[in-house]
Amino acid sequence: MATLTASRALAPIGTAGKLFAFGLDVGRGLFRRPFQMREFLQQAWFIASVTIVPTALVAIPFGAVIALQVGGLIKQFGAQSFTGSAAVLAVVREAGPIATSLLIAGAGGSAIAADLGARKIREELDAMMVLGIDPIQRLVVPRVLACMLVAVFLNGLVSVVGVAGGYVFNVVLQDGTPGAYLASFTALAQLPDLWQGMAKALVFGLIAAIVASYKGMNANGGPKGVGDAVNESVVITFMLLFVVNFVMSAIYFQLVPPKTG
């Protein structure tokens, strides 16, 4: 009984180690040839097609809520002229990458896990290995790169739509002036903030794709096992994304000092 309890307690550590080893295998597969360009383009188009509309729709309330909350708080301090800059910082630094990661993990990652899980239970992956084809190089690497590429573009979309939504709600609902909102963009924001958001999106896309691919390729137990793998991949990805987001933000603030007004 004690042995069984200990094995259950150590199971997450073993899973983390296997996931890390899988990530290293994917990293090695990036440099192997031939590169599956057709698979990469197909997966990039598919992931973009299932995430672009939900991402745009999510970005609007993100920008609106941030504009309302930040605008109300700043108004109490009598610094309405900084509303645009504060909204841009919130969207570009945090809201954009987080919204992108949630959509990539929830829509793109779940599709990847379901696809690879179905191939696993149909023994297609075993057949590929028997034929001398590396499933990681053939299937996983193109999906990982596609997720990373789409995540960067979606982050840009969220940033643009979120800032535009914040502008509309600030001007319409909070009686802000368009000139002050636009002119304050450079008051506190700086170019490294944009690069940080893009770097976050790139890393989040990488994590989502690797976790989804790992859970899909290790699915077992028939269709129910595939469903469990999809659910587990989304939950694990969400947990990792928030931890990585905190770490990257902490490192960024240590390396890049905030701009003073």
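Residues numbered from 1 in each chain as written. Predicted model: local features only at pLDDT ≥ 70, side-chain atom pairs only at ≥ 80, totals over all residues. Heavy atoms only, no water.

Attention shifts here to the packing of helix H8 (residues 191-217) against helix H9 (residues 223-255). With their axes 9 Å apart at the nearest point, H8 and H9 run at an angle of 155° to one another. Classified by the interaxial angle, the pair formed by H8 and H9 is roughly antiparallel. Like other packed secondary-structure pairs, H8 and H9 cross with a definite hand, here right-handed. Of the residues in H9, those touching H8 at Pro192, Asp193, Gln196, Ala199, Lys200, Val203, Phe204, Ile207, Ala208, Val211, Ala212 and Lys215 are Ala229, Glu232, Ser233, Ile236, Thr237, Leu240, Leu241, Val244, Asn245, Met248, Ser249 and Tyr252. (Axes fitted to C-alpha atoms, helices over the stretch in contact; angles between N-to-C directions. Helix = DSSP H or I, 4+ residues; strand = E, 2+ residues; numbered from the N terminus. Parallel < 35°, antiparallel > 145°, perpendicular 65-115°, else oblique. Left-handed = near helix turned anticlockwise from the far one by under 90°. Contact = heavy atoms within 4.5 Å.)

Among the surface-exposed residues, Val243, Phe246, Val247, Ile251 and Leu255 lie close enough to one another that they form a single nonpolar patch of about 530 Å² accessible area. Within the secondary structure, Ile251 is located in helix H9. (Patch = residues over 30% accessible without salt bridge, like charges linked within 9 Å, V, L, I, M, F, W, Y side chains within 5 Å. Areas by Shrake-Rupley, 256 points an atom, 1.4 Å probe, with all protein chains shown as cover. Salt bridge = Lys/Arg side-chain N within 4 Å of Asp/Glu carboxyl O.)

A few words now on the UniProt feature "transmembrane region" (unreviewed entry) in the protein. The feature "transmembrane region" (unreviewed entry), as given by UniProt, occupies residues 45-68, 144-169, 194-214 and 234-255 in the numbering adopted here. Within residues 144-169, the helical portion is 100% and the strand portion 0%, while the C-alpha atoms at the span's ends are 36 Å from each other. (UniProt positions renumbered as here; feature names shortened; annotations may be inferred.)

Next up on the list: helix H5 (residues 135-173). With 39 residues, H5 extends 53 Å between its outermost C-alpha atoms, agreeing within 8% with the 57 Å of an ideal straight helix rising 1.5 Å per residue. The axis of H5 is deflected most strongly, by about 30°, at Val141, and proline Pro142 appears within four residues downstream. The N-terminus of H5 is capped by Asp134, whose side-chain oxygen sits 3.2 Å from the backbone nitrogen of Ile136. (Expected span 1.5 Å × (residues − 1). Bend = angle between axes of the 7 residues up to and from the residue. Polar contact = N/O pair within 3.5 Å; in protein donor to acceptor, adjacent residues only side chain to side chain.)

The next thing to look at is the nonpolar core. Phe22, Ile104 and Val140 are the most contacted members of the largest nonpolar core, which has 36 residues in total. Among the secondary structure elements, those contributing two or more residues to this core are helix H1 (2-29), helix H2 (37-76), helix H3 (83-121), helix H4 (124-130), H5, H8 and H9. Broken down by element, the residue count for this core peaks at eleven residues, all from H5. If you look at the next biggest cluster of nonpolar residues, it comprises ten residues, including Ile66, Val70, Val91 and Val92. (Core = buried A, V, L, I, M, F, W, Y, C linked by side-chain atoms within 4.5 Å. Buried < 20%, exposed > 50% of the residue type's maximum accessible area, 1.4 Å probe, protein only.)

Inspection of the entire model under this criterion finds one aromatic pair. Where Tyr252 meets Phe253, the ring centres are 5.7 Å apart and the plane angle is 65°; that geometry is what we call edge-to-face. Among the residues examined, Tyr252 registers a relative accessible area of 9% and is labelled buried. (Phe/Tyr/Trp six-rings, centres within 6.5 Å; stacked < 30°, edge-to-face > 60°.)

Residue placement: Thr237 occurs in helix H9. Looking at Thr237, the relative accessible area reads 2%, which means it is buried. Residues within four places of Thr237 in sequence aside, it is in contact with Ala105, Ala208 and Val211.

Attention now goes to the packing of H5 against H8. Closest axis-to-axis distance for the H5/H8 pair is 8 Å, and the angle between their directions is 145°. The crossing of H5 and H8 is right-handed. Only Gly197, Met198, Ala201, Leu202, Gly205, Leu206, Ala209, Ile210, Ser213 and Met217 of H8 make contact with H5, whose side of the interface consists of Pro135, Ile136, Val140, Arg143, Val144, Cys147, Met148, Ala151, Val152, Asn155 and Gly156. In the contact of H5 with H8, the residues fall into 15 nonpolar, five polar and one charged. (Nonpolar A, V, L, I, M, F, W, Y, C, P; charged D, E, K, R; others polar.)

On to unusual backbone geometry. A positive phi angle, near 65°, is found at Glu123, a position not held by glycine. Relative to the helices and strands, Glu123 resides in the loop between H3 and H4. With relative accessibility at 54%, the residue Glu123 sits in the exposed group.

Okay, the environment of Leu19 next. Along the chain, the position of Leu19 falls in helix H1. The class for Leu19 is buried, based on a relative accessible area of 17%. Those residues in contact with Leu19 that lie beyond four places of it in its chain are Ile210, Val211, Tyr214 and Leu240.

This part covers H9. Between its first and last C-alpha, H9 extends 47 Å over 33 residues, near the 48 Å set by a 1.5 Å rise per residue. Those residues of H9 that sit buried are Gly225, Val226, Ala229, Val230, Ser233, Val234, Thr237, Leu241, Asn245, Met248, Ser249 and Tyr252.

With that out of the way, let us pick up the pattern of salt bridges. Throughout the structure, instances matching the rule amount to nine salt bridges. When the shortest N-O distance is used, the salt bridge between Asp25 and Arg28 registers 2.2 Å. Within this pair, Asp25 and its partner Arg28 are both found in helix H1, separated by three residues, close to a single helical turn. For Arg28, a relative accessible area of 46% puts it in the partly exposed group. Note that Arg119 and Asp115 form a salt bridge whose closest N and O atoms lie 3.3 Å from each other. With Arg119 and Asp115 both in helix H3, this residue pair falls four residues apart, about one helical turn. Through salt bridges with shared partners, a single ionic network connects Glu39, Asp115, Arg119, Arg122, Glu124, Arg138 and Arg143.

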